[in-house]
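So the chains spell out like this:
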Amino acid sequence: QVQLAESGGGLVQAGGSLTLSCAASGGTFSSYIMAWFRQAPGKEREFVTGIRGSDDFTYYVDLVKGRFTISRDNAKKTVYLQMNSLKPEDTAVYYCAAKYSKSGIATMVNSYDYWGQGTQVTVSS
């Protein structure tokens, strides 16, 4: 069983930066693909980015490519999401997710086994 806890959300102006953290407990962290999803009001939860534990391979959706950076520290069992050049359309609840796998990074919500409680990110214009 893996427990995930996000932190670092908040209110930021457009063009600003924010770093989210997700601390994991339980399980062998390096065996998990870690991902960030987000859900805006009235919209479905969507994949943002993921990172593989075995080799730090990363994948980003086009909307955030070049602005967001995912990283992980296996020793600290923590995954990070550095968000730069934030836009109002980035406003959402951001969720950390974990999937026990050493293969490709899945982008579907139901592919992930464990979820954090979410952290709100609000970008003002």
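Everything below is about the structure printed above this text.
Draft legend 1. Layout of the pairing of strand 5 (residues 46–51). Most of strand 5 is tucked away: five of the six residues are buried. Linking strand 4 (residues 32–39) back to strand 5 in an antiparallel pair, the connection comprises six residues, with G42 at a positive phi of about 80°. As judged from the three bridges shared by strand 5 and strand 6 (residues 58–60), these two strands associate in the antiparallel manner. Residue pairing for strand 6: G50 is matched across the bridge by Y59.

Draft legend 2. Focus on the packing of aromatic side chains. Scanning the model with the defined rule gives eight aromatic pairs in all. Here the aromatic rings of Y112 and W115 are separated by 6.3 Å at their centres, their planes lie at 65°, and the arrangement is edge-to-face. One aromatic cluster in this structure is built from F37, F47, Y59, Y95, Y112 and W115. Between the NZ or CZ atom of R45 and the centre of the ring of W115, over which it lies, the distance is 4.9 Å.

Draft legend 3. Looking closely at the sheet that holds strand 7 (residues 68–73). Spatially, 1-3-8-7 is the arrangement adopted by the four strands of the open sheet, whose pairing is antiparallel. In this open sheet, the two edge strands, each paired with only one partner strand, are strand 1 (3–7) and strand 7. Neighbour-to-neighbour, the strand axes of the sheet open up by a mean angle of 15°, direction not taken into account. As defined by bridge partners, strand 1 adjoins strand 3 (residues 18–25) across five bridges and the pair is classed as antiparallel. Residue S7 lies in a different strand from strand 3, and its bridge partner there is S21.

Draft legend 4. The state of the cysteines, seen in detail. The final tally for this structure, using the stated rule, is one disulfide. In this model C22 forms its disulfide with C96; the gap between the sulfur atoms is 2.1 Å. Classification of the bridge connecting C22 and C96 rests on its S-S torsion, roughly -80°, and on that basis the disulfide is left-handed. Remark: C96 occurs in strand 9 (residues 92–100) and C22 occurs in strand 3; sequence separation between them is 74 residues. Considered together, C22 and C96 belong to a single accessibility category, that of buried residues.

About the criteria used
- Residues numbered from 1 in each chain as written.
- Predicted model: local features only at pLDDT ≥ 70, side-chain atom pairs only at ≥ 80, totals over all residues.
- Heavy atoms only, no water.
- Buried < 20%, exposed > 50% of the residue type's maximum accessible area, 1.4 Å probe, protein only.
- Helix = DSSP H or I, 4+ residues; strand = E, 2+ residues; numbered from the N terminus.
- Pairing = 2+ DSSP bridges.
- Phe/Tyr/Trp six-rings, centres within 6.5 Å; stacked < 30°, edge-to-face > 60°.
- Lys NZ or Arg CZ within 6 Å of the ring centre and 35° of its normal.
- Axes fitted to C-alpha atoms, helices over the stretch in contact; angles between N-to-C directions.
- Disulfide = S-S within 2.5 Å.

Function cannot be inferred from these measures alone, as they are strictly geometric.
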